[in-house]
Amino acid sequence: MTMRKAIDITQWNRREHFEFFGGFDEPFFGVTTSVDFTVGYQKIKDNGYPYFLYYLHKSLLAANTVEAFRYRIDGDQVYVYDKIHASPTIGREDHTFGFSFMEFNEDFELFRAAAQKEITEVKNTKGLRHTDNAKRIDTIHYSSIPWYKFTGLTHARHFQFKDSVPKISFGKYSKEQGKLHLPIAINVHHGLADGFHVGQYLEEFQRLLNEY
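Residues numbered from 1 in each chain as written. Predicted model: local features only at pLDDT ≥ 70, side-chain atom pairs only at ≥ 80, totals over all residues. Heavy atoms only, no water.

Here's the deal with the overall build of the protein chain
Scanning the protein chain for helices and strands turns up five helices and 10 strands. Against the globule reference of 17 Å for 212 residues, the protein chain gives a C-alpha radius of gyration of 17 Å, in line with a compact fold. The C-alpha extent of the protein chain, read off along each of the three principal axes, is 50 × 40 × 30 Å. In the protein chain, buried positions account for 48% of the 212 residues. (Helix = DSSP H or I, 4+ residues; strand = E, 2+ residues; numbered from the N terminus. Rg over C-alpha atoms; globule rule 2.2 N^0.38 Å. Buried < 20%, exposed > 50% of the residue type's maximum accessible area, 1.4 Å probe, protein only.)

Right under this line is the structure:
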């Protein structure tokens, strides 16, 4: 069961940042970059791992190490969750997609088994599948765009809805000078996180991808 703790905003070192950016129509900022996927891709090939689930798990592991990625706004209160999960979009053969919920587990095989069941369920249903689990705020909204490499990305946003869930998207990898590069776009609420925290996430994600 996921636990959360309320942040004492009056004593929080981000109080002014939160209040300032919280008043914006668009409080999110985004970074688009790439990670070295050379070692990670080789491990996927050697072990027969599902391509998407492997780097999704590494990304979720990395995000859980960065406290700012576990902050969420609920009403007027900021909470820090002990762990966050994944809510990725899953494509279907008819070229529609559905939302999903994948519970975080540090063990890749356990995460993979549960996630594959969820993917099968989404693929065998129709519509957006915007379930209560998919709507949970203790998640990261993930998407994969495997058809092309991107250098920028925007998201559809409903500004009347006070969203604080980070959004991470992956593109098609490309090969340059003998290395594979995986495009990644990260969007986070600026009242909760800065470029420093995105850098923390990217550094840990790259470290995990380089493990073999």
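So, the nonpolar core
Phe69 and Tyr201 are the most contacted members of the largest nonpolar core, which has 54 residues in total. Among all residues touching Phe69, those that are not within four sequence positions of it are Ala63, Ile84, Ile140, Pro166, Ile168, Ile186, Val188, His197, Val198 and Tyr201. (Core = buried A, V, L, I, M, F, W, Y, C linked by side-chain atoms within 4.5 Å. Contact = heavy atoms within 4.5 Å.)

Quick look at the sheet that holds strand S3 (residues 71-74)
Read from one edge of the open sheet, three strands run S1-S4-S3, paired in antiparallel fashion. This sheet does not close on itself; its edge strands, each paired only once, are strand S1 (4-6) and S3. Strand-to-strand, the axes of this sheet are offset by a mean angle of 35 degrees, without reference to chain direction. Here S3 pairs with strand S4 (residues 77-81) via four bridges, running antiparallel. Paired with Asp74 across the two strands is Gln77, which belongs to S4. (Pairing = 2+ DSSP bridges. Axes fitted to C-alpha atoms, helices over the stretch in contact; angles between N-to-C directions.)

Concerning the packing of aromatic side chains
Under the definition given, this model contains 22 aromatic pairs. Here the aromatic cluster, defined as three or more aromatic residues joined through ring pairs, consists of Phe37, Tyr41, Tyr51, Phe52, Tyr55, Phe69, Tyr142, Phe170, Tyr173, Tyr201 and Phe205. Lying over the aromatic face of Tyr79, Arg4 brings its terminal NZ or CZ to 3.6 Å of the ring centre. Between Lys43 and the ring centre of Tyr212, over which it is positioned, the NZ or CZ distance is 5.9 Å. (Phe/Tyr/Trp six-rings, centres within 6.5 Å; stacked < 30°, edge-to-face > 60°. Lys NZ or Arg CZ within 6 Å of the ring centre and 35° of its normal.)

Some remarks on the layout of surface pockets
The gaps of empty space that remain are located by a probe, the size of a water molecule, rolled over the atoms. In this structure, the largest pocket occupies an estimated 1100 Å³ of space. As for the largest pocket, its lining consists of 36 residues, and the residues nearest its centre are Thr89, Phe97, Phe99, Tyr142 and Ser143. Secondary-structure elements contributing two or more residues to the lining of the largest pocket are helix H3 (51-65), strand S5 (85-91), strand S6 (97-99), helix H4 (108-123), strand S7 (139-144) and strand S8 (167-170). Grouping the constituent residues of the lining of the largest pocket by class yields 18 nonpolar, 12 polar and six charged. In this structure, the second largest pocket encloses a volume near 280 Å³. Along the walls of the second largest pocket sit 15 residues, with Gly22, Pro27, Ile73, Lys162 and His189 positioned nearest its centre. (1 Å grid on protein atoms, 1.4 Å probe; cavity = no way out; pocket = protein on both sides within 12 Å on 5 of 7 lines; lining within 4 Å. Points joined across faces, edges and corners; volume = space filled by probe spheres on them. Nonpolar A, V, L, I, M, F, W, Y, C, P; charged D, E, K, R; others polar.)

Considering the pairing of S5
Across the seven residues of S5, five count as buried, placing the element largely inside the fold. Pairing geometry for S5 and S7, over four bridges, is parallel. Bridging across to S7, Ser87 finds its partner in His141. Bridge count between S5 and S6: three bridges; the pairing is antiparallel. By the bridge assignment for S6, Thr89 is matched with Phe99.

A short note on the environment of Asp194
On the secondary structure map, Asp194 appears in the loop between strand S10 (179-189) and helix H5 (195-209). C-alpha separation for the pair Asp194 and Ala68, spaced 126 residues apart in sequence, amounts to 8.6 Å.

What to know about H5
End to end, H5 covers 21 Å across 15 residues, agreeing with the expected 21 Å (1.5 Å per residue, within 8%). Of the residues making up H5, those classed as buried are His197, Val198, Tyr201, Leu202, Glu204, Phe205, Gln206, Leu208 and Leu209. Where H5 is buried, its residues touch strand S2 (28-36), helix H2 (38-47), H3, S8 and S10. (Expected span 1.5 Å × (residues − 1).)

Focus on unusual backbone geometry
Residues other than glycine seldom take positive phi values, yet His95 does so here, at roughly 70 degrees. By the element assignment, His95 lies in the loop between S5 and S6. Residue classification places His95 among the exposed positions, given a relative accessible area of 76%. Phi angles above zero are rare outside glycine, and Gln177 is one such case at about 50 degrees. Within the secondary structure, Gln177 is located in the loop between strand S9 (174-176) and S10.

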